[in-house]
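Residues per chain are reported as follows:
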Amino acid sequence: MDLAALEIFRTVVEAGGVTRAAERLHRVQSNVTTRIRQLEQSLGVDLFVRDGRRMVLTPAGQTLFEYACRILQLADEARQAVQPAHPQGRLRIASMESTAASRLPHVLAAYHRAWPCVELELVTLPTRQALDALRRFEVDCAFVADPLGEPDLVSRAAFQEELVIVASAGHPPIRTPADVDRAPLLTFEAGCNYRTRFDHWYAQSGQAPSRVIQLGSYHAIVTCAAAGIGVAIVPRSVLALYRNLPELSLHPLGDAGRVTTVLAWYPSMASAALIALADLLQDFPATSDTGGPGTFDHTRAAA
């Protein structure tokens, strides 16, 4: 049982089958299948129940998978400990969707140009779920909204965002929850830091949204707000991405809408590749963007 066999086994489990695992590993399917069978023979147990094209872990396979993840993580740490401090290997990043869309493309492009040997992996998650992934060491670092509430994490300020309430173009100014007129709140699932901030904004006035409609993307949230279905809280930087932004009205939240996005990680995961990413952030502007065309900003109109 060598590290290569464990890596193949872990990839088959994570990819959900031999075909996708072979693509990820850049191997032929027959080679992956052979290595799995050799691993089963060396251990004397079946690791998968094979049902046609489906491969389901047996109890023994589940146990080995947990050990394989730990062993491979330790092997990565050992390599990093004995090799020169030069960015290489794999860097797994979690990010809020808004940050991934509006901030990271230029950052990651510059990173790849500087360190092409690093394999970048990016997954989008709400802040709470991203922090959970960090705790389980499923990712190496995460772009999340401050404050973290995690004293063991190291963090570096990355971007400054301004959250605004978006509503239909004809909506009157929104200064307090009473001005929303019991419109539904359009938002992501629980765990989104921005949704939590909006809930607190309501709670300070002793009110709560009349109804919450959970949507899966900012595109859906913005278009539904423009159609008058409800109101939402969105970073200005996301609105700036639209070339054909629907007609909206923007309603600033003031201090409650100012958010710092940080890059966070556990000290034990501080590889040269991760530190290079943290250092690179200093080369990018941290200020928030303004809303694009098709918006009416009540604050600017009153200024």
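Further up the page is the structure itself.
What this report covers is the structure whose coordinates are included nearby. Here the structure is a predicted model, which is why all the values come from computation and not from measurement.

**Focus on the packing of aromatic side chains**
Okay, step 1: Going through the model one piece at a time under the given rule, you end up with seven aromatic pairs.
Okay, step 2: For the pair Phe-188 and Tyr-218, a centre-to-centre distance of 4.7 Å together with 80° between the ring planes defines the contact as edge-to-face. Here Phe-188 is found in the loop between strand 7 (185-187) and helix 8 (193-203), whereas its partner Tyr-218 is found in helix 9 (residues 218-226), with 30 residues between them in sequence.
Okay, step 3: For Phe-188, a relative accessible area of 12% gives the class buried.

**Describing the pattern of salt bridges**
For side chains bearing opposite charge, pairing can occur when the charged atoms are close.
Okay, step 1: As enumerated under the stated definition, the model contains eleven salt bridges in all.
Okay, step 2: Here Asp-255 ties to Arg-258 by a salt bridge, and the two come within 2.4 Å at their closest N and O atoms.
Okay, step 3: Judged by its relative accessible area of 66%, Asp-255 is exposed.
Okay, step 4: Since its relative accessible area comes to 53%, Arg-258 is described here as exposed.

**Topic: the environment of Gly-228**
Okay, step 1: Summarising the element assignment, Gly-228 is placed in the loop between helix 9 and strand 9 (231-235).
Okay, step 2: Residue Gly-228 is classed as partly exposed on the basis of its relative accessible area, which comes to 47%.
Okay, step 3: Residues Gly-228 and Leu-248, spaced 20 residues apart in sequence, show a C-alpha to C-alpha distance of 9.4 Å.

**Looking at the packing of helix 1 (residues 3-15) against helix 3 (residues 29-43)**
A pair of packed helices is characterised by two quantities: the angle between their axes and the separation of those axes.
Okay, step 1: In the contact formed by helix 1 and helix 3, the axes pass within 10 Å of each other and the chain directions differ by 110°. By the angle between their directions, the pair helix 1 and helix 3 is classed as roughly perpendicular. Crossing hand, helix 1 versus helix 3: left-handed. Counted together, Ala-4, Ala-5, Ile-8, Phe-9 and Val-12 of helix 1 and Val-32, Arg-35, Ile-36 and Leu-39 of helix 3 form the full contact between these two elements.
Okay, step 2: When its residues are assigned to classes, the contact of helix 1 with helix 3 shows eight nonpolar, no polar and one charged.

**Notes on empty space enclosed by the protein**
Okay, step 1: Under the defined criterion, the tally for this structure stands at one cavity of 30 Å³ or more.
Okay, step 2: Taken as a whole, the largest cavity encloses approximately 50 Å³ of empty space.
Okay, step 3: Lining the largest cavity are Leu-186, Thr-187, Phe-188, Cys-192, Tyr-194, Arg-195, Tyr-218, Ile-221 and Ile-233.
Okay, step 4: Of all elements in the fold, only strand 7, helix 8 and helix 9 reach the threshold of two or more residues within the lining of the largest cavity.
Okay, step 5: When its residues are assigned to classes, the lining of the largest cavity shows seven nonpolar, one polar and one charged.

**Some words on the pairing of strand 2 (residues 54-57)**
Okay, step 1: Sheet topology note: the strand 1 (residues 48-51)/strand 2 ladder contains four bridges and is antiparallel. Within strand 2, the residue paired with Phe-48 across the bridge is Leu-57.

Rules behind the numbers
- Residues numbered from 1 in each chain as written.
- Predicted model: local features only at pLDDT ≥ 70, side-chain atom pairs only at ≥ 80, totals over all residues.
- Heavy atoms only, no water.
- Phe/Tyr/Trp six-rings, centres within 6.5 Å; stacked < 30°, edge-to-face > 60°.
- Helix = DSSP H or I, 4+ residues; strand = E, 2+ residues; numbered from the N terminus.
- Buried < 20%, exposed > 50% of the residue type's maximum accessible area, 1.4 Å probe, protein only.
- Salt bridge = Lys/Arg side-chain N within 4 Å of Asp/Glu carboxyl O.
- Axes fitted to C-alpha atoms, helices over the stretch in contact; angles between N-to-C directions.
- Parallel < 35°, antiparallel > 145°, perpendicular 65-115°, else oblique.
- Left-handed = near helix turned anticlockwise from the far one by under 90°.
- Contact = heavy atoms within 4.5 Å.
- Nonpolar A, V, L, I, M, F, W, Y, C, P; charged D, E, K, R; others polar.
- 1 Å grid on protein atoms, 1.4 Å probe; cavity = no way out; pocket = protein on both sides within 12 Å on 5 of 7 lines; lining within 4 Å.
- Points joined across faces, edges and corners; volume = space filled by probe spheres on them.
- Pairing = 2+ DSSP bridges.

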